[in-house]
Protein chains: 2
Amino acid sequence: MDFVLGIDGGGTSCRAAVARADGVVLGRAKAGAANIRTDLTGARTSIVEAARRAFAEAGQDPDLVSRTPAVLGLAGANVGTYRQQLQAILPFSRSRVETDAEIALEGAVGAGDGAMAILGTGSAYMVRKGGKSRAIGGWGFQVGDQGSGARVGRDLLEQTLLAYDGIREASPLTREMLAVFRDRPEDVVEFTTNAKPGDFGGFAPKVFDYAQKGDAVAVWIVDRAVADVEAALGALDLSDDAPLCLLGGLAPLYASRLSQRFRRLLREPLGDALSGAVRMAARAFASPQGGGNS
Amino acid sequence: MDFVLGIDGGGTSCRAAVARADGVVLGRAKAGAANIRTDLTGARTSIVEAARRAFAEAGQDPDLVSRTPAVLGLAGANVGTYRQQLQAILPFSRSRVETDAEIALEGAVGAGDGAMAILGTGSAYMVRKGGKSRAIGGWGFQVGDQGSGARVGRDLLEQTLLAYDGIREASPLTREMLAVFRDRPEDVVEFTTNAKPGDFGGFAPKVFDYAQKGDAVAVWIVDRAVADVEAALGALDLSDDAPLCLLGGLAPLYASRLSQRFRRLLREPLGDALSGAVRMAARAFASPQGGGNS
């Protein structure tokens, strides 16, 4: 029997799934971080460990990894020569390294044309048209990631300080935020000095919540965030008949707020990024008769 | 003969001026950093050293510091109990600790009503009306300092990445900026990861320069920055007959761009922050007859 492997590796963990040559998943497993930019050999260790465990989960010999082809989706695979460096040291019979976005898109919309917006702590976009993919955004919240949780949360703190100074009208939301910081703007500033994207992003759901209730500052922030997301979607030049998937924690909050032009393209994602890697592996490495070519 | 001391202390250095009781400066000197928030005793050392050197510069005995009253302007003096802690350990005959903004305002507009906007790497505002001062802004570029060099520079990098992604139209300025980073958006992101406010602010003059030439992105950024500065000035509730001084490296660039409502209030500053501290000391500690009361 022939197998294929799908791998989804990121900064916190690495997931693997082993499947039959036709793509039916037999076993899944997880291992530690796979960050190819900061620790290439450590990433290799996590990848191999996750793959071996997936074989064990499927009731198969873990040593089969060396006879199995794999598609890997990894953050940072599009930067520098990390992709080539990793491919050179992987133990699989054949390896194809893609970006994390590429396997996420495949997982969400399948093999055909389509697009996705990842709207979580960060934001990023990818479109596939006529088999050709293009990614935009994802540059981090400091000078990018418009519409992300980190940006929405940071906007809230900024508007809270402007309200404190009387430069803009306060609202129930800004008053509540200031109270979180004991009504001391210095404490807001202190917080921002070392805040990570996720720390800012933690405030984002509250902004959407208050916007729903008509809070003026929340509505102002969300309107701008929605406009930023629509501007990015506009730059993707979407087809009228290809699916658009919103992924990430803020996806449901944005879905209802997009204009009709984009809303009518929205589809539920077919599966997650790992399922995308498996599907790509089945397509890339299995013959039409279902036999492997490794 | 009686003397007064003015002290202007900050995170990089501490300046002192010794003056006659009527405010005529006799000697000036400088010493190391005086950051009362991070190193109170080190700040005291720098303050005393600068004061002793100022006496030496004036051809007077440095030991006179213990018989001389002083007004000190120090960043952070409005936070927590730093002001009281410092006053308790200063060696002067009498000490009055003010914020750096307070002595800068006095230096710029004198003892009467007036206002200032500090527009440099950061931004901050202060107004004095009927003898009562109010400061706004100055919360740092992460969630404040609108219109500052750091914000203008950060905006430029953000717009450069949006242009790269095709989300907004590129301009000569965004193309030049991208070329600075070898046309690699990853390098822009890398730069922002560890950039200090001054690193972002370094790009601000270029933005104003290109705005002058009509560059669409530069004009967009500068228009927004001017609107932010005007919103802050609006919150100061300025009198029709009190002077407004713009201080900091971007002051001349903003002066010509403000609307008539604010432009007609603009005056050249009378002097710097140190001269403000001296003037406050002469007023606070010298009798109308010119005799000291220390």
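Residues numbered from 1 in each chain as written. Chains lettered and ligands numbered in written order. Predicted model: local features only at pLDDT ≥ 70, side-chain atom pairs only at ≥ 80, totals over all residues. Heavy atoms only, no water.

It is common to give the size of an interface as the accessible area lost on bringing the parts into contact. The assigned domain composition of chain A is domain 1 (3-110 + 270-285) and domain 2 (149-263). Each of domain 1 of chain A and domain 2 of chain A has a C-alpha centre, and the two are 34 Å apart. (Domains from an automatic or database assignment.)

As a rule of thumb, soluble globular proteins bury nonpolar side chains together. Membership of the largest hydrophobic core comes to 48 residues, with the highest contact counts inside it found for Tyr125, Leu233 and Tyr254 of chain B. The leading source of residues in this core is helix H9 (residues 216-235) of chain B, at ten residues. Beyond its immediate chain neighbours, meaning those up to four positions away, Tyr254 of chain B contacts Leu119, Gly147, Val152, Phe208, Ala225, Val226, Val229 and Leu246 of chain B. Grouped together as the second largest cluster of nonpolar side chains are 47 residues, Ile136, Ala225, Val229 and Tyr254 of chain A included. (Core = buried A, V, L, I, M, F, W, Y, C linked by side-chain atoms within 4.5 Å. Buried < 20%, exposed > 50% of the residue type's maximum accessible area, 1.4 Å probe, protein only. Helix = DSSP H or I, 4+ residues; strand = E, 2+ residues; numbered from the N terminus. Contact = heavy atoms within 4.5 Å.)

Before going further, it helps to spend a moment on the UniProt feature "domain: ATPase BadF/BadG/BcrA/BcrD type" (unreviewed entry) in chain A. Under the UniProt annotation, the feature "domain: ATPase BadF/BadG/BcrA/BcrD type" (unreviewed entry) is placed at residues 5-253 of chain A. When the span residues 5-253 of chain A is considered, its composition is 43% helix and 21% strand, and the gap between its end C-alpha atoms is 34 Å. (UniProt positions renumbered as here; feature names shortened; annotations may be inferred.)

Placing chain A over chain B gives an RMSD of 0.1 Å and needs a rotation angle of 180°, together with 0.0 Å of translation along the axis. What the rotation and shift describe, once combined, is the action of a two-fold rotation axis. Identified as the residue of chain A closest to the rotation axis by C-alpha distance is Gln142 of chain A, at 4.3 Å. (Least-squares fit on C-alpha atoms with pLDDT ≥ 70 in both.)

When two helices pack together, their arrangement is given by the angle between their axes and by how far apart the axes lie. Residues and elements named next belong to chain A. Running from N to C, helix H1 (residues 40-57) and helix H2 (residues 82-89) point in directions that differ by 50°, and their axes come no closer than 10 Å. Taken together, the axis directions place H1 and H2 in an arrangement best described as oblique. Our pair here, H1 against H2, has a crossing hand that is right-handed. On H2, the residues that touch Leu40, Arg44 and Ile47 of H1 are Tyr82, Gln85, Leu86 and Ile89. Residue composition of the contact of H1 with H2, by class: five nonpolar, one polar and one charged. (Axes fitted to C-alpha atoms, helices over the stretch in contact; angles between N-to-C directions. Parallel < 35°, antiparallel > 145°, perpendicular 65-115°, else oblique. Left-handed = near helix turned anticlockwise from the far one by under 90°. Nonpolar A, V, L, I, M, F, W, Y, C, P; charged D, E, K, R; others polar.)

What follows covers the layout of surface pockets. Estimated volume of the second largest pocket: approximately 820 Å³. Together, 45 residues line the second largest pocket, and Trp220 and Arg224 of chain A together with Arg151, Asp155 and Arg224 of chain B are the ones closest to its centre. When contributions to the lining of the second largest pocket are tallied by element, the ones reaching two or more residues are helix H4 (149-164) and helix H9 (216-235) of chain A together with strand E7 (123-129), helix H4 (149-164) and H9 of chain B. Among the elements that make up the lining of the second largest pocket, the one with the highest residue count is H4 of chain A (eight residues). (1 Å grid on protein atoms, 1.4 Å probe; cavity = no way out; pocket = protein on both sides within 12 Å on 5 of 7 lines; lining within 4 Å. Points joined across faces, edges and corners; volume = space filled by probe spheres on them.)

In this section: H4 of chain B. Since the α-helix advances by 3.6 residues per turn, residues separated by three or four positions end up pointing in the same direction. With 16 residues, H4 of chain B should reach 22 Å at 1.5 Å per residue; the first-to-last C-alpha distance of 23 Å fits that figure. With 15 of 16 residues buried, H4 of chain B lies mostly within the body of the structure. (Expected span 1.5 Å × (residues − 1).)

What follows concerns empty space enclosed by the protein. Under the definition given, this model contains five cavities of 30 Å³ or more. Estimates place the volume of the largest cavity at around 100 Å³. Elements with a minimum of two residues in the lining of the largest cavity: strand E7 (123-129) and H9 of chain A together with H4 of chain B. When residues of the lining of the largest cavity are assigned to their parent elements, the largest contribution, three residues, is made by H4 of chain B. In terms of residue class, the lining of the largest cavity is made up of seven nonpolar, five polar and four charged.

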